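What follows is the residue order along each chain.
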Amino acid sequence: MSEAREPVTGIEAPVYLQYQFTAGRAPSRFLSALKQGRLTGQRCPGCSQVYIPPRGACPACGIATEEEVTLSNKATVQSFTIVYIPIPGNPIKPPYIVANLVPDGANISFIHLLSECVNEEVHIGQRVQAVWKPEAEWDYKMDNIIYYKPLDEPDVPVELIGKLGVDGREVQP
Amino acid sequence: MSGLKAMSAQRDIAIVAFHQSDCQASAGATNEVELIMPEIRAVMDQVGLHNAQDVDFVCSGSCDYLQGAAFAFVAGVDALGAVPPIRESHVEMDAAWALYESVLKIRMGHADSALIYGFAKSSPGELPIVLSQQLDPYYLAPLWVDTVSLAAMQARLMLDAGKITEADMAAVVSRSRRNAMNNPHAQLAGDLSVEALLQEAPFVSPLRRHDCSPVSDGASAMIIATVEQAEAWGKPYAILRGIDHRIESHNLCTRDLTDSPSTRRAAEAAGVADGAIDVAELYAPFSHQEIILSRALGLGEGTRVNPSGGVLAGNLMMASGLSRVGEVFQRIVSGEARRGVAHATSGPCLQHNLVAVVEAA
Ligand SMILES: [Zn+2]
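Predicted model only: the values in this text are computed from it and were never measured. Within any chain, residue numbers begin from 1 and follow the written order of that chain's sequence. The lettering of chains begins at A and the numbering of ligands begins at 1, in the order of writing. Local features in this predicted model are restricted to residues whose pLDDT is 70 or higher, and side-chain atom pairs enter the listing and the counts only when it is 80 or higher, whereas totals over whole chains, interfaces and linings include all residues. With hydrogens and water excluded, all non-hydrogen atoms of the structure serve as input to the side-chain values.

## What about the confidence of the model for chain A?
Turning to step 1, where the next piece is worked out: Known as pLDDT, the predictor's per-residue confidence is scaled from 0 to 100. Mean pLDDT over chain A works out to 93, with 97% of the residues at or above the 70 mark.
Turning to step 2, where the next piece is worked out: Each helix corresponds to a stretch of at least 4 residues labelled H or I by DSSP, and each strand to a stretch of at least 2 residues labelled E; elements are numbered beginning at the N terminus. Between the elements of chain A, mean pLDDT differs from a low of 67, seen in helix α1 (residues 2-5) of chain A, to a high of 98, seen in strand β9 (residues 127-132) of chain A.

Take a look at the structure:
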């Protein structure tokens, strides 16, 4: 009787489901280029925005982004934060920088890490460059680029961030 | 009078556009956005609209468990053109229920038009096993009882009670495969006799493999509006006269699995019996379930059942229910039928059922 009155506070019911994952047609093209050491975006045929990483559609227009654009290894800091807590399982020691970066040739930022920099001197509009792993280690992954590091180039005015061509110059409309 | 039929005098709903992709055994690397985009484009083009900015409301149906991608339905919004922001909603169900939500939205006067879509990429997982996880999580899901096995137990009850014969089941499959020969989006089609089908080996007895719908990838989309808006667009449309859905107990052991009282109730509320039914598209993932549904809906000789081949010819989970409504709509707009019934289901052994009545304008 006393046993029956014990509340049951849990049961074990582990769930295992197996899936054959595919990245999608457009993301597959992006990842394949990344494995070859190339950052690519895709241009919307409607509004001409170049997206990285591309998912297959321009979310603003709702149409397929078919045109592949090879982007520069150079980028501009759009925003950043200095993180004082560790990333679980990541060798990077705090404090470190997480930044919104727009590579030259793209209009939309993506997020990556900044290093080889004085954290207190990082600022919006700062020019940075990708530091790639050795070619032998390239795979279908974003950390083929270990981090971005500062570049000795003049700052990009805020109103021009996200509007540079792959050559780093302002795109004339 | 119950359900949405009672409200129908207030704002009639017009179905204006529908499109469905091919049912493919595997869509390969195609992701959810890539599956959805062509269907949305197709219905937009049918009406002459640019993108989701041109409708008042968007609602989708999908289930992330199918492809094992968390928040895949959020990524699907990339197919819409949601800049500037749109009014959007999602059901973790078949898109037939997204249609239901959209109908409510319009009837309440919160929108005059809506885009509805459903998508499914079931091929990356083991669908019957994935669906076992929709069962009661304490006593049934841990046993991994799959949907095919549950349907097989239901068929066994039907056979043992003398409510159907194996030949009746094979006749459903034979008609589905033959009708599907005229459906360019079907996955399984062909001229197969009842005798030939009965020669096949059992799969999960008493079900043979052909008694079960195939696993399919694809998507479908629909545009509905008030009759006034449909008139303004100037495109042919059909009237969604009634729509209702009812659910039965989660506990399979308390249900009469040889009948579908929830379908019968939904049919009453949707007004199925108010006129002759020329065509019916029923979401019956297993052959014997088509017989249960036809009886619950009171369909007679005058009704063509599943002229598309139904889901035995290709089953887009989370889109097939919406597609049933779309199939009836297309047959009414083409003049092939005047009045039809569409049915959608969800859950094991026809647990949850939606019935819609579509009529010529
Ligand atoms: Zn665009």
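Okay, back to it.
## Points about the sheet that holds strand β1 (residues 40-43) of chain A
Residues and elements named next belong to chain A.
Turning to step 1, where the next piece is worked out: Taken together, three strands build an open sheet; the order of strands is β2-β1-β5 and the sheet is antiparallel. Each edge of the sheet is formed by a strand with only one pairing partner; in this case those strands are β2 (50-51) and β5 (67-70).
Turning to step 2, where the next piece is worked out: Here, a strand pair is defined by DSSP locating no fewer than two bridges between the strands. Relative to β2, β1 runs antiparallel, the two sharing two bridges. Residue R43 lies in a different strand from β2, and its bridge partner there is V50.

## Some thoughts on the domain arrangement of chain B
All names here are of chain B.
Turning to step 1, where the next piece is worked out: Here chain B is described as being made up of domain 1 (4-126 + 215-238) and domain 2 (127-184 + 193-204 + 241-360).
Turning to step 2, where the next piece is worked out: Boundaries between domains were set according to an automatic or database domain assignment. A straight line from the C-alpha centre of domain 1 to that of domain 2 covers 22 Å.
Turning to step 3, where the next piece is worked out: Contact criterion: two residues are considered in contact whenever any of their non-hydrogen atoms come within 4.5 Å of each other. With 45 residues of domain 1 at the interface, the matching set in domain 2 holds 41 residues.
Turning to step 4, where the next piece is worked out: Note on terms: buried area is the combined drop in 1.4 Å-probe accessible area of two parts once they are placed together, counting the loss on both. Here domain 1 meets domain 2 over a buried area of about 3200 Å², counting both sides, of which 69% is carbon and sulfur.
Turning to step 5, where the next piece is worked out: Take a side-chain nitrogen of Lys or Arg and a carboxyl oxygen of Asp or Glu: if they are within 4 Å of each other, that pair is a salt bridge. At the junction of domain 1 and domain 2, the tally comes to one salt bridge.
Turning to step 6, where the next piece is worked out: When residues of the side of domain 1 that touches domain 2 are traced back to their parent elements, those giving at least two are β1 (13-20), α2 (64-67), α4 (95-107), β4 (113-121) and β7 (217-226).

## With respect to the side chain of N315 of chain B
Residue and element names in this part refer to chain B.
Turning to step 1, where the next piece is worked out: One can find N315 in the loop between β10 (304-305) and α12 (320-333).
Turning to step 2, where the next piece is worked out: Under the rule applied, a polar contact is a pair of N or O atoms within 3.5 Å (in protein, one hydrogen donor and one hydrogen acceptor; residues adjacent in sequence only if both atoms are side-chain atoms). A polar side-chain atom of N315 sits 3.2 Å from a polar atom in the side chain of S213.
Turning to step 3, where the next piece is worked out: A distance of 2.7 Å separates the side chain of N315 from the side chain of Y283, its partner in a polar contact.
Turning to step 4, where the next piece is worked out: In contact with N315, not counting residues within four places along its chain, are C23, S213, P214, S216, Y283 and S320.

## Focus: the coordination of the zinc ion
In an ideal tetrahedron of four donors about a metal, each angle is 109.5 degrees. In an ideal octahedron of six donors, the angles are 90 or 180 degrees.
All names here are of chain A.
Turning to step 1, where the next piece is worked out: Because no water is among the atoms considered, metal sites can look incomplete, with donors defined as N, O and S atoms within 2.8 Å of the metal, or 3.2 Å for Na, K and Ca. Here the zinc ion is held by the protein donor atoms C44 (SG), C47 (SG), C58 (SG) and C61 (SG), which lie 2.3 Å from it.
Turning to step 2, where the next piece is worked out: One way to put it: the four donor atoms around the zinc ion meet at angles of 105 to 113°, and that makes the site tetrahedral.
Turning to step 3, where the next piece is worked out: All donors to the zinc ion come from one chain, and their sequence spacing reads C-x2-C-x10-C-x2-C. Here the two residues C58 and C61 agree in accessibility, since each one is buried. Think of it this way: with four donors and all angles in the 85 to 135 degree range, the site is tetrahedral; with four or six donors, opposite ones beyond 155 degrees and the rest between 65 and 115, it is square planar or octahedral; otherwise it is irregular. The rule is simple: take the accessible area with a 1.4 Å probe, protein chains only, and divide by the maximum for that residue type; under 20% is buried, over 50% is exposed, in between is partly exposed.

## Concerning unusual backbone geometry
Turning to step 1, where the next piece is worked out: For the bond running from P94 of chain A to P95 of chain A, omega is 0°, close enough to zero to count as cis.
Turning to step 2, where the next piece is worked out: In this structure, P95 of chain A sits in the loop between β6 (74-83) and β7 (96-103).
Turning to step 3, where the next piece is worked out: Residue P84 of chain B follows V83 of chain B across a cis peptide bond; omega there is 0°.
Turning to step 4, where the next piece is worked out: On the secondary structure map, P84 of chain B appears in the loop between α3 (72-75) and β3 (88-91).
Turning to step 5, where the next piece is worked out: Positive phi, normally seen in glycine, also occurs at E116 of chain A, with a value near 55°.
Turning to step 6, where the next piece is worked out: Here the phi dihedral of L350 of chain B falls at roughly 60°; this positive angle occurs in a residue that is not glycine.
Turning to step 7, where the next piece is worked out: Along the polypeptide, L350 of chain B turns up in the loop between β11 (339-346) and β12 (352-360).

## Section: the interface of chain B and chain A
Turning to step 1, where the next piece is worked out: Each partner contributes to the interface: chain B provides 31 residues, whereas chain A provides 26 residues.
Turning to step 2, where the next piece is worked out: Between chain B and chain A we count two salt bridges in total.
Turning to step 3, where the next piece is worked out: Across the chain B-chain A interface, the total number found is 13 residue pairs in polar contact (both at pLDDT 80 or more).
Turning to step 4, where the next piece is worked out: Only α1 (32-47), α2 and α5 (127-132) of chain B provide two or more residues apiece to the side of chain B that touches chain A.
Turning to step 5, where the next piece is worked out: Under the scheme applied here, ten amino acids are nonpolar (Ala, Val, Leu, Ile, Met, Phe, Trp, Tyr, Cys and Pro), four are charged (Asp, Glu, Lys and Arg), and all others, including Gly, are polar. Looking at the side of chain B that touches chain A residue by residue, the class counts come to 17 nonpolar, nine polar and five charged.

## Details of the side chain of S113 of chain B
All names here are of chain B.
Turning to step 1, where the next piece is worked out: Note on placement: S113 falls in strand β4.
Turning to step 2, where the next piece is worked out: Taking the relative accessible area as the measure of exposure, S113 reaches 2% and is therefore buried.
Turning to step 3, where the next piece is worked out: At 3.1 Å, the side chain of S113 forms a polar contact with the backbone nitrogen of D56.
Turning to step 4, where the next piece is worked out: Excluding its chain neighbours within four sequence positions, the residues that come into contact with S113 are D54, V55, D56, F57, I106, I224, A225, Q229 and W233.

## A word on the nonpolar core
Residues and elements named next belong to chain B.
Turning to step 1, where the next piece is worked out: Here the nonpolar core consists of buried residues drawn from Ala, Val, Leu, Ile, Met, Phe, Trp, Tyr and Cys, with membership extended through side-chain atoms lying within 4.5 Å. Core analysis: the biggest nonpolar cluster contains 35 residues, and L99, I224 and L240 have the highest contact counts within it.
Turning to step 2, where the next piece is worked out: Here the element with the most residues in this core is α4; it accounts for eight residues.
Turning to step 3, where the next piece is worked out: Once residues lying within four places of it in the same chain are set aside, the contact partners of L240 are I13, I15, L99, V103, R107, A356, V357 and V358.
Turning to step 4, where the next piece is worked out: Core analysis: the next-biggest nonpolar cluster, separate from the first, contains 33 residues, A151, A155, I164 and A170 among them.

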